[in-house]
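# Architecture and fold: a report
Now for the letters of each chain:
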Amino acid sequence: MISNFSLQTPFGALTEAVQRRNTIADWMFYDVGGLRASEFTLLSQQTNREGAILVVEPSDGGDSNRIQKFETFETFRAEPGDLLRHFSIAGVGSSDVGAAAFARTLANHLDAPVGAIVSGYGMADILSEALGGWFFFGTSNRALDLMSQFQKAFEDSDHDQSELNARASHAAADAAFSPDTSTLVRLLSEEERQIETLLGHSKGCLSISYALQEIASRSDRSHFDRARDISVVTTGAVIAFPEGLNRLSQYLGELDWFGGMNSRSSLDYTSVPGAWHHLNTGIPLHMDLQRVLAGE
């Protein structure tokens, strides 16, 4: 059962106002129709905590609640049962509703539960929203691209590997202010968990990239070596990732100037014909996430 909790932040009033607005915005950007009425009611009454995890099970055709929320990583990890292998992160400012709707599409595709890592409402994201969100997102993406280029050039030189690791770790640490990224880093660092799928949309793609960059920059490469075969899928943004991923797929709508102006167009990606930035199948010009995941 989803539990109630209060937002623990001095920016609570501002955060709650932003959340109310973004719960409505989630109707546009995500396929909220995939949630049951009982799930939507419960989720829309919750306050967000960035880095929290929603466990979203596939639809069963009924109206029962098939979503469980864990406020902290520790409570999530203490839950008995099989370890989740599939995770998603929705875009900047998305509410619990948007995060769950995004994960539900993936859960239905895989016929397996998905962990939706909640993004937004940290200090950085509130400032990001004040700047229109995308200014911050685009700048971060470009910085990550430059960092990746630097790392490749440095690896090709005769410089000491420890200096490379130190600089890359410092750059990744600059992004560690995001609790959603921190949650994913902890998941990727668990020896007993083999993650199979990471799905991102918009700013969520950047969070995934930061997490993978963090583990790739460590002197102990075992965690990144285990991550090489994860199916990493980005939608609504084309992001710079550390080299060595074997199953990276990036998708950007043909009409998506919104995500395109913050993407690295020089990188490989698939253009989705007639699609803009949103994933709501009830609105024209959407990206059909089910078809993308099916490789159609």
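Here's a quick rundown of the structure. If you're wondering where the values come from, they're calculated on a predicted model, not measured in any experiment. Just so you know, the residues in each chain are numbered from 1, in the order the chain's sequence is written. Local features in this predicted model are restricted to residues of pLDDT 70 or higher, and side-chain atom pairs are both shown and tallied only at a pLDDT of 80 or more, whereas totals for entire chains, interfaces and linings draw on every residue. For the side-chain quantities, the full set of heavy atoms in the structure was used; hydrogens and water were omitted.

## Concerning the pattern of salt bridges
Definition used for salt bridges: Asp or Glu carboxyl oxygen within 4 Å of a side-chain nitrogen of Lys or Arg. The tally for this structure, following the rule as stated, stands at 14 salt bridges. The partner of Arg186 in a salt bridge is Glu74, and the shortest N-O contact between them spans 3.0 Å. Taken together, the positions of Arg186 in helix α8 (residues 179-188) and Glu74 in helix α3 (residues 73-78) put the pair 112 residues apart, joining distant regions of the chain. The exposure class of Glu74 is partly exposed, given its relative accessible area of 47%. Residue Glu214 is joined to Arg218 by a salt bridge in which the shortest nitrogen-to-oxygen separation is 3.6 Å. Classification of residues uses two cut-offs on accessible area relative to the type maximum, computed with a 1.4 Å probe and protein chains only: under 20% is buried, over 50% is exposed, and between them is partly exposed. According to the relative accessible area criterion, Arg218 is partly exposed, its value standing at 22%. Among the ionic contacts, a cluster of salt bridges with common partners joins Arg77, Glu190, Glu192 and Arg193. Secondary structure elements follow DSSP: runs of H or I of four or more residues count as helices, runs of E of two or more count as strands, with numbering from the N terminus.

## Quick notes on the nonpolar core
By nonpolar core is meant a set of buried Ala, Val, Leu, Ile, Met, Phe, Trp, Tyr and Cys residues that side-chain atoms within 4.5 Å join together. Counting 31 residues, the largest nonpolar core has Leu184, Leu188 and Leu212 as the members making the most contacts within it. Whether two residues touch is decided by their heavy atoms; if any such pair falls within 4.5 Å, the residues are in contact. When near neighbours in sequence (up to four residues on either side) are disregarded, Leu188 contacts Ile195, Leu198, Ala211, Leu212, Ile215, His223, Arg226 and Ile230. Counting 30 residues, the second-largest nonpolar core is a separate cluster that includes Tyr30, Leu54, Leu199 and Val292.

## A few points about helix α4 (residues 96-110)
A helix is expected to reach a length of 1.5 Å times the quantity of its residues less one. Across its 15 residues, α4 extends 21 Å between first and last C-alpha, which sits within 8% of the 21 Å expected from 1.5 Å per residue. Among the 15 residues of α4, twelve are classified as buried, and the element is accordingly described as predominantly covered. Within α4, the full set of buried residues consists of Asp96, Val97, Gly98, Ala99, Ala100, Ala101, Phe102, Ala103, Arg104, Thr105, Leu106 and Ala107.

## Section: the pairing of strand β7 (residues 248-253)
We treat two strands as partners when DSSP finds at least two bridges between them. Judged from the four bridges that link them, strand β6 (residues 231-235) and β7 form a sheet pairing that is parallel. Bridged to Val233 within β7 is Ser249. Here β7 pairs with strand β8 (residues 270-272) via three bridges, running parallel. In the sheet register, Gly253 faces β8, and the bridge partner there is Val272.

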